[in-house]
Amino acid sequence: ALVTGASRGAGKGVAIGLGMRGYTVYVTGRSEREGDAALPGTIHRTAQEIDAAGGRGIAVHCDHADDQQVKALFDRIETDAGRLDILFNNATFIHDELVLPTPFWERSADIARILDVGLRSAFIASWHAARLMVPRRRGLIAMGSSFGAACYMHSPAYGAQKAGLDKMAWDMSFDLREHAVAAVSIWLGPLLTERTTKVFAEHPEQYAGFAEQAEHPQFTGLLLDRLYNDPELMAKSGRTLIGAELGMEYRQADVNGRQPPSYRESLG
């Protein structure tokens, strides 16, 4: 498996969840030493935690804004492993002002970089992944999306990126179907990560009630394993799936033993 953007946050948790199921997981990111980013976490630390969870973690420094680095990543996977079973597109540019409760024009225009590292980068990674999966007639390309694709969340750029991922999975499924490779988009719920824990503490009124119900990001990694091994996987290809509802279908609990709730009724 390959999880992009896995130094910390959702990507780290998803990678560890796959490690819990015994996968060899390539993890990418730019943080190689603590202090490389404002939040804690490195690709090497994630790889170590995958090992501890029962899998095999392989850290690869990769800036997903650089197409040549992405190509080198997939060349390495092909050389080392000879195949790729699962790609989880998670690498995303997150600006510190993204969650501010102010109009978009009063925040930095640099927030729009989420459309480069987040949307465009997911297409490039999927392009490479398809070239490994199609000859084997087996594979799963998954986009890490959210309810922000359907409701207002954070900023217009954030919503456009998530809606774009959903549509990208839908369109990719048309080309991939005859080759038995699936493409899906998964809406993750509120997550317990380094960043959101900080945000929950700084904006308690805005996120009241969400923190208590938040998913562990490992949950989505467990769901990816269930999806990949589902005999009816191709029937789900092209769909936007709510992770919590997929967990209910598969009877897959979160790592704390709880069943995460779906926010379909409140968020769309």
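Up top is the structure.
Reading guide: rules and limits
Residues numbered from 1 in each chain as written. Predicted model: local features only at pLDDT ≥ 70, side-chain atom pairs only at ≥ 80, totals over all residues. Heavy atoms only, no water. Helix = DSSP H or I, 4+ residues; strand = E, 2+ residues; numbered from the N terminus. Buried < 20%, exposed > 50% of the residue type's maximum accessible area, 1.4 Å probe, protein only. Contact = heavy atoms within 4.5 Å. Pairing = 2+ DSSP bridges. Right-handed = clockwise from strand over helix to strand, strands pointing away. Arc of directions from axis to C-beta. Salt bridge = Lys/Arg side-chain N within 4 Å of Asp/Glu carboxyl O.

**Q** Describe the overall build of the protein, and please don't skip the residues or the numbers.
**A** When helices and strands are tallied, the protein shows 11 helices and 7 strands. The proportion of buried residues among the 268 residues of the protein is 54%. Within the protein, contacts between residues at least 6 apart in sequence are counted, and of these 70% link residues at least 24 apart.

**Q** Any chance you could break down the pairing of strand E5 (residues 139-146) for me, citing the residues and the numbers?
**A** With 8 of its 8 residues buried, E5 lies for the most part within the structure. Burial along E5 is two-sided: Gly139, Ile141, Met143 and Ser145 and Leu140, Ala142, Gly144 and Ser146, pointing in opposite directions, are all buried. Sheet topology places strand E4 (residues 86-89) next to E5; 4 bridges connect them, and they run parallel. Within the sheet, the bridge partner assigned to Phe88 lies in E5 and is Ala142. Considered for its hand, the β-α-β crossover made up of E4, helix H4 (residues 116-133) and E5 is right-handed. In this sheet, strand E6 (residues 181-188) lies alongside E5 in parallel orientation, the contact comprising 8 bridges.

**Q** So what's going on with helix H10 (residues 243-250)? Residues and values would help.
**A** All of the buried residues in H10 are Gly243, Ala244, Leu246, Gly247 and Tyr250. Viewed end-on, H10 has its buried residues packed into an arc of 160°, placing them on one side of the element. As for H10, its buried residues are in contact with E6, helix H8 (218-228), helix H9 (233-236) and strand E7 (240-242). Just downstream of H10 lies Arg251, where phi reads positive at about 55°.

**Q** Which residues make up the pattern of salt bridges, and what values do they have?
**A** Opposite charge on two side chains allows them to pair when their charged atoms are near. Counted according to the given criterion, the structure contains 13 salt bridges. Residues Arg21 and Asp225 are paired through a salt bridge, measuring 3.7 Å at the closest nitrogen-oxygen approach. In this pair, Arg21 sits in the loop between helix H1 (9-20) and strand E2 (24-29) while Asp225 sits in helix H8, placing the two residues 204 residues apart along the sequence. The class of Arg21 is partly exposed, set by a relative accessible area of 38%. The closest approach of N and O atoms between Asp75 and Lys71, which form a salt bridge, is 2.8 Å. Placement of both Asp75 and Lys71 in helix H3 (residues 67-80) is noted, with a separation of 4 residues, approximately one turn of the helix.

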